[in-house]
Amino acid sequence: MHDFDETKIMEKFNSIKEQYVDTYTPDPDIERGDTKYLRYSEFLDYPFDRFISPHIEKGKILYKKERKSIPKNSDPREYYQLVYDTEGKLHHSELELGGAGFLASTFLGATKSKNVAFCISKNLWVECMMDYLPGGKQSFSWIYFEWAEYNDSGKLVSVESFKNDISFSGGVIVNAEYYDYDGDVLSHITRYKDYYSDIPSMIRSSVMINMPDRVYNPDVINYSFEKSGNDIVCTRQHYFRVSQTITHTITISDAEVQKMESYGIKLR
């Protein structure tokens, strides 16, 4: 199990944000190569979410297949537009949101908005809100970024996401997963879910009053795997309270195990 260090994770957030996010100039108007489409998934934060646990929780691959066009009679608002550059590399995705939100329209005079996620490097995706301003100008504000790290053999060893927490005090919401392998087979996931860097004291007090030993901010969840014939059985342990661990099993069928392996998630 990997420890979650609040100080270190916030230092990492600040370092990535200062070095790569704040210095990045979003440019959705590149010279395009191919343009493809991907249907929205309610189980992933964005279409290229690299967290493994959502697939394990559902017992199947949640990624959608890219399409050359939006199917007839489908709602375009349910599809991301994938923009590739002239070298064939995925540059960014776009999702139409329609009218601008209250804050953007009130303070920026924005007329409409679009969700745009930029592939900055193998390690970093940055999701932005792109607001259309009067005079044809565009305004960008980051809402989410995801940082992934790999070992020397190219296996994913960690994914950490940082979401701008506009609902409370302007802090950040962190989700993180760390992966252990037996050879090249995934053997364990340590998941830290919903760490609020600046959680309101009222919420903290309410939790402590009603459940003094609740393990939260973040929630801690572990996944381990073992073979059962051709299937894989995952044991999920949610350390809900100091006095209570919620445990259940998830069976991943042989067919889905094969699909996961095609996406780089090797379970056997």
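Structure: see above.
Please read all numbers here as calculations on a predicted model, not as lab measurements. (Residues numbered from 1 in each chain as written. Predicted model: local features only at pLDDT ≥ 70, side-chain atom pairs only at ≥ 80, totals over all residues. Heavy atoms only, no water.)

S.K.: Help me get a handle on the side chain of Lys-114, residues and values and all.
M.R.: Mapped onto the elements of the fold, Lys-114 is located in strand 4 (residues 112–119). Residue class for Lys-114 comes out buried when judged on its relative accessible area of 8%. Here the side chain of Lys-114 touches Glu-94 through a polar contact of 3.1 Å, side chain to side chain. Only 3.3 Å separates the side chain of Lys-114 from the side chain of Glu-96, close enough to count as a polar contact. (Helix = DSSP H or I, 4+ residues; strand = E, 2+ residues; numbered from the N terminus. Buried < 20%, exposed > 50% of the residue type's maximum accessible area, 1.4 Å probe, protein only. Polar contact = N/O pair within 3.5 Å; in protein donor to acceptor, adjacent residues only side chain to side chain.)

S.K.: Residues and numbers for unusual backbone geometry, please.
M.R.: Most peptide bonds adopt trans geometry, and most residues besides glycine take a negative phi value. The omega torsion of the bond from Asn-217 to Pro-218 falls at 5 degrees, within 30 degrees of zero and hence cis. Take Pro-218: it is sitting in the loop between helix 4 (201–210) and strand 10 (219–228). The backbone of Asn-73 sits at a positive phi, close to 70 degrees, despite the residue not being glycine. If you check the backbone angles, Asn-217 has positive phi at about 50 degrees while not being a glycine. Along the chain, Asn-217 falls in the loop between helix 4 and strand 10. Using a relative accessible area of 10% as the deciding quantity, one classes Asn-217 as buried.

S.K.: Quick rundown of helix 1 (residues 6–21)? Include the residues and the values.
M.R.: Looking only at helix 1, the buried set comprises Ile-9, Met-10, Phe-13, Ile-16 and Val-21. The buried residues of helix 1 occupy one face: seen down the axis, they fall within an arc of 125 degrees. Across from the buried face of helix 1, at angles greater than 90 degrees, the exposed residues are Thr-7, Lys-8, Glu-11 and Glu-18. Each element contacted by the buried residues of helix 1 is listed here: strand 5 (124–132), strand 6 (138–150), strand 7 (156–164), strand 8 (172–182) and strand 9 (185–196). Sitting at the amino-terminal end of helix 1 is Asp-5, which places a side-chain oxygen 3.0 Å from the backbone nitrogen of Thr-7. (Arc of directions from axis to C-beta. Contact = heavy atoms within 4.5 Å.)

S.K.: Go over the packing of aromatic side chains with me, naming the residues and quoting the values.
M.R.: One pass over the full model with this rule turns up 12 aromatic pairs. With a centroid separation of 5.8 Å and an interplanar angle of 5 degrees, the aromatic rings of Phe-13 and Phe-145 are classed as stacked. Of this pair, Phe-13 sits in helix 1 while Phe-145 sits in strand 6, and the two are 132 residues apart along the sequence. Judged by relative accessible area, Phe-13 falls into the buried class, the value being 8%. (Phe/Tyr/Trp six-rings, centres within 6.5 Å; stacked < 30°, edge-to-face > 60°.)

Taken by themselves, the reported measurements are silent on function.
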